[in-house]
Amino acid sequence: MNLLNGAAFGRMEGALQAAEMRQRVISNNVANGDTPHFKRSEVLFEELLEQSMGNTQGQLIGKRTNQKHIAIGPSSSNVPIPKLITDETTSMNNNENNVDVDREMSLLAKNQLSYNFYVQQINHEVRMMRTAIEGRA
């Protein structure tokens, strides 16, 4: 039985890792806000996850009962890897830097809220399993 190895838990873990990566990237953008020729970066994860989950409409998906079996259809447990992209096309300042510190700070606050939500969801799942194992009501 896959308690913590299920698809839903894997997606939450991937989202948490993406939020952590996004925190580092946004912090780097803010730190280089005045660096000449610096181009801001961002992390794509939620869009990739949505695409990977949305492509199963109308397709046959088989359940593998053994690792040696051939998978039928796309696997719903595949969590995409967060992708780092750099915006090379825009420029905000005369020094060709494209970091808007106010925008980055709002993205940082949004990411912090997302991170806290993901941690709360994972904690809830673990508490529910702990309750089920211990048999408490």
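Overview of the structure.

What counts, and where the lines are drawn
Residues numbered from 1 in each chain as written. Predicted model: local features only at pLDDT ≥ 70, side-chain atom pairs only at ≥ 80, totals over all residues. Heavy atoms only, no water. Helix = DSSP H or I, 4+ residues; strand = E, 2+ residues; numbered from the N terminus. Buried < 20%, exposed > 50% of the residue type's maximum accessible area, 1.4 Å probe, protein only. Contact = heavy atoms within 4.5 Å. Areas by Shrake-Rupley, 256 points an atom, 1.4 Å probe, with all protein chains shown as cover. Axes fitted to C-alpha atoms, helices over the stretch in contact; angles between N-to-C directions. Parallel < 35°, antiparallel > 145°, perpendicular 65-115°, else oblique. Left-handed = near helix turned anticlockwise from the far one by under 90°. Nonpolar A, V, L, I, M, F, W, Y, C, P; charged D, E, K, R; others polar. Core = buried A, V, L, I, M, F, W, Y, C linked by side-chain atoms within 4.5 Å. Polar contact = N/O pair within 3.5 Å; in protein donor to acceptor, adjacent residues only side chain to side chain. Expected span 1.5 Å × (residues − 1).

**Things to note about the overall build of the protein chain**
What the protein chain contains, in helices and strands, is three helices and two strands. Traced from its N-terminal end to its C-terminal end, the protein chain shows the element sequence α-β-α-β-α. In the protein chain, which comprises 137 residues, the share counted as buried stands at 24%. Pairs at least 24 apart in sequence give 79% of the contacts found in the protein chain among residues at least 6 apart. Carbon and sulfur atoms make up 53% of the accessible area of the protein chain, which amounts to about 9900 Å² in all.

**A few points about the packing of helix α1 (residues 7-31) against helix α3 (residues 101-134)**
Here α1 crosses α3 at 155 degrees, and the two axes come no closer than 9 Å. Taken together, α1 and α3 sit at an angle that is classed as roughly antiparallel. In this structure, α1 crosses over α3, and the sense of that crossing is left-handed. A class-by-class count of the residues in the contact of α1 with α3 yields 15 nonpolar, six polar and five charged.

**Looking at the nonpolar core**
Membership of the largest hydrophobic core is limited to ten residues, which are F9, M12, A15, L16, A18, A19, F45, L49, Y118 and I122. For this core, the elements supplying multiple residues, two or more each, are α1 and α3. Per-element accounting of this core gives the leading share, six residues, to α1. Setting aside chain neighbours within four positions, we find Y118 in contact with M12, A15, L16, A19 and E46.

**A look at the side chain of R40**
By the element assignment, R40 lies in the loop between α1 and β1 (41-44). Of note is the side chain of R40, whose polar atom sits 3.4 Å from the side chain of E42. A distance of 2.5 Å separates a polar atom in the side chain of R40 from a polar atom in the side chain of E104.

**Concerning α1**
Between its terminal C-alpha atoms α1 stretches 36 Å, which fits the 36 Å expected from 25 residues at 1.5 Å a residue. Taken as a whole, α1 has its buried residues at F9, M12, G14, A15, L16, A18, A19, M21, R22, V25, I26 and N29. The elements touched by buried residues of α1 are β1, α2 (46-54), β2 (83-86) and α3.

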